[in-house]
Amino acid sequence: METKELYREILNEHNLNPAHKKDADGATLSLNGVNPSCGDNITLNFKIDNGIITDGWFTGTGCAVSQASADMMLDLVIGKKQDEALRLGDIFMDMIKGTAAPAALAELDEAAALQDISKMPARVKCAVLGWRTMKEMFANAKTSAAFGNPHCEADGKIGH
Ligand code: ZN
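This structure is a prediction, so every number in the text was calculated from the model and none was measured. (Residues numbered from 1 in each chain as written. Predicted model: local features only at pLDDT ≥ 70, side-chain atom pairs only at ≥ 80, totals over all residues. Heavy atoms only, no water.)

Undergrad: In this structure, what is going on with the sheet that holds strand β3 (residues 52–61)? I would like to understand it.
TA: Either a parallel or an antiparallel arrangement is found when strands of a sheet pair, and the pairing is made through backbone hydrogen bonds. Overall, antiparallel pairing links the three strands, which are arranged β1-β2-β3 in an open sheet. Each having just a single partner strand, β1 (29–35) and β3 make up the two edges of the open sheet. In this sheet, neighbouring strand axes are inclined to one another by 20° on average, regardless of whether the strands run parallel or antiparallel. Packed onto the sheet, helix α2 (residues 64–77) meets β2 (40–49) and β3 and runs at close to 170° relative to β3. (Pairing = 2+ DSSP bridges. Helix = DSSP H or I, 4+ residues; strand = E, 2+ residues; numbered from the N terminus. Axes fitted to C-alpha atoms, helices over the stretch in contact; angles between N-to-C directions. Contact = heavy atoms within 4.5 Å.)

Okay, structure coming up:
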């Protein structure tokens, strides 16, 4: 199958039947991610147990690329360690910049179908929205954990 055709097929499939777009309870981490240039707006949810992503889903609205990319990302990272998910995120970002090695692309599975986005600058922010949101979410979680008490940290009154 031609790359372009594959790209369209996979995009359609994840839009018509998103496996991970749903409303659910019990998230241990949630974060809203917005791409104002297109109007994409998603909330990403993860259940994390012992550093492993045991479940994940998203809600929201947006263009086909943003929704399909978030769905594919969840396909890929559920069941993996947070660090591993971040490593895959780095590969995805490299792919979008057009600098990922072919061997690394194979690790992205279906998400590799989005590699032509690197030639469509207007779609880049749509494609990376889910990944960017995940990265930010994990970074935030790490910061709170470092202080032991997220409430104190949020107030800026550490150690009281
Ligand atoms: Zn978009």
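Following the structure, the description resumes.
Undergrad: Got a minute to help me understand α2 in this structure?
TA: Residues lying three or four places apart along an α-helix face the same way, a consequence of the helix completing one turn every 3.6 residues. With 14 residues, α2 should cover 20 Å at 1.5 Å per step; its first-to-last C-alpha distance of 20 Å lies within 8% of that length. Of all the residues in α2, the buried ones are Val65, Ser66, Gln67, Ala68, Ser69, Ala70, Asp71, Met72, Met73, Leu74, Leu76 and Val77. In the segment just after α2, Gly79 is the residue with positive phi, at about 95°. (Expected span 1.5 Å × (residues − 1). Buried < 20%, exposed > 50% of the residue type's maximum accessible area, 1.4 Å probe, protein only.)

Undergrad: Help me understand the pairing of β2, please; the structure alone is not making it clear to me.
TA: For a regular strand, side-chain orientation follows a simple rule: the groups alternate between the two sheet faces. Bridging between β1 and β2 involves seven bridges; their strand directions are antiparallel. Residue pairing across strands places Ser30 opposite Asn45, the latter belonging to β2. Where β2 lies against β3, nine bridges are found, and the strand directions are antiparallel. Note that in β3 the partner of Ile48 across the bridge is Ile53. Between the antiparallel neighbours β2 and β3 lie two residues, among them Asn50 with a positive phi of about 60°.

Undergrad: Would you mind going over the nonpolar core with me for this structure?
TA: Soluble, globular proteins show a tendency: their nonpolar side chains are buried together. Membership of the largest hydrophobic core comes to 43 residues, with the highest contact counts inside it found for Phe46, Val77, Phe92, Leu108, Trp131, Met134 and Phe138. Every residue in contact with Leu108, bar those within four places of it in the chain, is listed here: Leu76, Leu88, Ile91, Phe92 and Met95. (Core = buried A, V, L, I, M, F, W, Y, C linked by side-chain atoms within 4.5 Å.)

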